[in-house]
Amino acid sequence: MCGRYYVDDDTVGEIHRIAKNADFPVRAGDIRPSETAAVFSQRNGMLAAENMVWGYPGYQGKSLLINARSEGILERRTFQDDILSRRCVIPAKGFYEWSPSKEKYWFEDGSPILFLAGCYNAQGKFVIITTNANASVSPIHSRMPLLLSENELEGWLFDEDSMKGALQKIPQLLNRRTDYEQMSLFS
């Protein structure tokens, strides 16, 4: 699961470098569900950046759906049309996960930008696609965002076969840190 991510000034610079149309204010800081954030999408056959809102309306309007599982996204009616025709990439410096004991952990790879796979609906609301956690995240949480490399962006956005292949990938290992980690007196 991914319930919060972060965009810093270097990430904003990378968004402007990658999408030449990013001539709008790009929000930096913590990004939470229901907030507006920059995403990469496909517009008129070109990679573009635009602002969208994080979260689909939940069932009967009672909650937000902020993530979609990669394993079933092609079959799930809520996401099926969107993953086939409206894919996006969410740029982030890194993301947060909370352990079962509610400790907050930060994940990043040391680069200015991570690329989180997503899709969006006709109303301009996006979800982050999650997959089984890799070895760097699994001690904290069982799910993590599906990460793409920069050279996979256009394949994800424009090519259905590339998208289907990416849904099966294991994300790269990440750096993990927390401000406070419980230590045991007994090892």
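Residues numbered from 1 in each chain as written. Predicted model: local features only at pLDDT ≥ 70, side-chain atom pairs only at ≥ 80, totals over all residues. Heavy atoms only, no water.

### Concerning the layout of surface pockets
At step 1: For the largest pocket, the calculated volume is near 190 Å³.
At step 2: Together, twelve residues line the largest pocket, and Asn67, Ala68, Arg69, Arg76 and Thr130 are the ones closest to its centre.
At step 3: Broken down by element, the lining of the largest pocket gets its largest block of residues, three residues, from strand β7 (residues 67–69).
At step 4: In terms of residue class, the lining of the largest pocket is made up of six nonpolar, three polar and three charged.
At step 5: Lining the second largest pocket are ten residues, and of these Tyr96, Lys104, Trp106, Arg177 and Asp179 sit closest to its centre.
At step 6: Residue contributions to the lining of the second largest pocket peak at three residues, all from strand β10 (residues 104–108).
At step 7: The residue makeup of the lining of the second largest pocket, split by class, is five nonpolar, one polar and four charged. (1 Å grid on protein atoms, 1.4 Å probe; cavity = no way out; pocket = protein on both sides within 12 Å on 5 of 7 lines; lining within 4 Å. Points joined across faces, edges and corners; volume = space filled by probe spheres on them. Helix = DSSP H or I, 4+ residues; strand = E, 2+ residues; numbered from the N terminus. Nonpolar A, V, L, I, M, F, W, Y, C, P; charged D, E, K, R; others polar.)

### Looking at the side chain of lysine 93
At step 1: For lysine 93, the position within the fold is in the loop between β8 (87–92) and β9 (94–98).
At step 2: No salt bridge is formed by the buried lysine 93; its nearest oppositely charged neighbour, glutamate 108, is found at 4.4 Å.
At step 3: Here the side chain of lysine 93 touches serine 111 through a polar contact of 2.8 Å, landing on its backbone oxygen.
At step 4: Those residues in contact with lysine 93 that lie beyond four places of it in its chain are Tyr6, Val7, Asp8, Thr11, Trp106, Glu108, Gly110, Ser111, Pro112 and Leu114. (Buried < 20%, exposed > 50% of the residue type's maximum accessible area, 1.4 Å probe, protein only. Lys, Arg positive; Asp, Glu negative; His and termini not counted. Salt bridge = Lys/Arg side-chain N within 4 Å of Asp/Glu carboxyl O. Polar contact = N/O pair within 3.5 Å; in protein donor to acceptor, adjacent residues only side chain to side chain. Contact = heavy atoms within 4.5 Å.)

### Observations regarding the packing of aromatic side chains
At step 1: Scanning the entire structure with this criterion turns up eight aromatic pairs.
At step 2: When the centroid spacing of 6.3 Å and the interplanar angle of 40° are considered together, the rings of tyrosine 96 and tryptophan 98 count as tilted.
At step 3: By relative accessible area, tyrosine 96 is classed as buried at 11%.
At step 4: By relative accessible area, tryptophan 98 is classed as partly exposed at 29%.
At step 5: The cationic tip of arginine 4 hangs over the ring face of tyrosine 96; the distance from NZ or CZ to the ring centre is 5.8 Å.
At step 6: Across from the ring centre of tyrosine 96, 4.8 Å away, lies the NZ or CZ of lysine 104, which sits over that ring. (Phe/Tyr/Trp six-rings, centres within 6.5 Å; stacked < 30°, edge-to-face > 60°. Lys NZ or Arg CZ within 6 Å of the ring centre and 35° of its normal.)

### So, the sheet that holds strand β1 (residues 5–7)
At step 1: Judged by pairing direction, the sheet is antiparallel, and its five strands sit side by side in the order β2-β1-β9-β10-β15 without closing on themselves. Two strands close off the open sheet at either side, each with one partner strand: β2 (29–31) and β15 (175–177). Averaged over all pairs of adjacent strands, the angle between strand axes in this sheet comes to 30°, irrespective of strand direction.
At step 2: As paired elements, β9 and β10 share four bridges and run antiparallel to each other. (Pairing = 2+ DSSP bridges. Axes fitted to C-alpha atoms, helices over the stretch in contact; angles between N-to-C directions.)

### Details of unusual backbone geometry
At step 1: Positioned with a positive phi, asparagine 44 is a non-glycine residue whose angle comes to about 50°.
At step 2: A positive phi angle is found at lysine 102, which is not glycine, with a value near 70°.
At step 3: If you trace the backbone, lysine 102 turns up in the loop between β9 and β10.
At step 4: Relative accessible area serves as the criterion here: at 68%, lysine 102 is assigned to the exposed category.

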